[in-house]
Amino acid sequence: MKFTLATLIGVALLALLAGCGNRSSKFMSSSSRTYFQGNFYPAKVTPSDEDPAVFTAVISKASQGLEGARQAGEWEATRYCIRQFGMSDKTWQAGPETAQVQPGDDLILSGTCVGW
C-alpha cells in the first residue's frame, strides 16, 4: 500500500512541476510584451558568425512609428549585450538615431557590444 501511495504522490508532483517550465513566446500573453510608444515591435538580434560581439537587430512593423521602433531596437540590443557579455555598452555602425525604415517595414540596426 505504501509503495502505491508513494508512487501516486510522485506522479502527481511530477505533473505539477511539468507546468512550471519556460514556455515559448507563442504562448506568452500580450501582457508580457514590452511596448514602445504604445505599440509592440517584434525584434530579433542576430550575432555575427565571426564575432558574437557584433550583432544585427531587425525590428518589424516599424511603420507603426519610427520613434517606437528605434526604442525597441535599442532595448533589444541592450538586452543582447547584457545577456551575452554582462554589460550594456555598445558602439553603433547603424544606430537608432540614424536608421530608417527599410523596404518590408523593418528597421535594421547594427552594432558591437563593448566592455568585456
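Residues numbered from 1 in each chain as written. Predicted model: local features only at pLDDT ≥ 70, side-chain atom pairs only at ≥ 80, totals over all residues. Heavy atoms only, no water.

## Describing the state of the cysteines
Point 1. Inspection of every chain in the model, using the stated rule, returns 1 disulfide.
Point 2. The side chain of Cys81 participates in a disulfide bridge whose partner is Cys113; the two sulfur atoms lie 2.0 Å from each other. The chirality of the disulfide connecting Cys81 with Cys113 is left-handed, given an S-S dihedral of about -80°. On the criterion of sequence distance, the pair formed by Cys81 in helix H2 (residues 66-85) and Cys113 in strand S5 (residues 106-113) is long-range, its members being 32 residues apart.
Point 3. For Cys81, a relative accessible area of 0% translates into the label buried. (Disulfide = S-S within 2.5 Å. Helix = DSSP H or I, 4+ residues; strand = E, 2+ residues; numbered from the N terminus. Buried < 20%, exposed > 50% of the residue type's maximum accessible area, 1.4 Å probe, protein only.)

## Considerations on the nonpolar core
Point 1. Membership of the largest hydrophobic core comes to 18 residues, with the highest contact counts inside it found for Phe55, Ile59, Tyr80, Leu107 and Cys113.
Point 2. Elements represented by at least two residues in this core include exactly strand S2 (54-59), H2 and S5.
Point 3. Counting residues per element, this core draws most heavily on H2, at 6 residues.
Point 4. The contact partners of Cys113, leaving out residues within four places of it in the chain, are Ala53, Phe55, Tyr80, Cys81, Phe85, Asp89 and Lys90. (Core = buried A, V, L, I, M, F, W, Y, C linked by side-chain atoms within 4.5 Å. Contact = heavy atoms within 4.5 Å.)

## Let's talk about the pattern of salt bridges
Point 1. The tally for this structure, following the rule as stated, stands at 2 salt bridges.
Point 2. The residue Glu74 makes a salt bridge to Lys90 at a minimum N-O spacing of 3.5 Å. Taken together, the positions of Glu74 in helix H2 and Lys90 in strand S3 (residues 90-94) put the pair 16 residues apart, joining distant regions of the chain.
Point 3. You can call Glu74 partly exposed: its relative accessible area is 28%.
Point 4. You can call Lys90 buried: its relative accessible area is 17%.
Point 5. Residue Arg79 pairs with Glu76 through a salt bridge whose shortest N-O separation is 3.7 Å. Of this pair, Arg79 and Glu76 both sit in helix H2, separated by 3 residues, roughly a single helical turn. (Salt bridge = Lys/Arg side-chain N within 4 Å of Asp/Glu carboxyl O.)

## Remarks on the packing of aromatic side chains
Point 1. Taken as a whole and assessed by the stated rule, the structure comprises 5 aromatic pairs.
Point 2. Geometrically, the ring pair formed by Phe55 and Trp92 is edge-to-face, given 5.8 Å between the ring centres and 80° between the ring planes. One end of the pair, Phe55, is in strand S2; the other, Trp92, is in strand S3, with 37 residues separating them in the sequence.
Point 3. By way of ring pairs, the aromatic residues Phe55, Tyr80, Phe85 and Trp92 are connected into one cluster.
Point 4. The ring centre of Phe40 lies 4.2 Å from the NZ or CZ of Arg33, which sits over that ring. (Phe/Tyr/Trp six-rings, centres within 6.5 Å; stacked < 30°, edge-to-face > 60°. Lys NZ or Arg CZ within 6 Å of the ring centre and 35° of its normal.)

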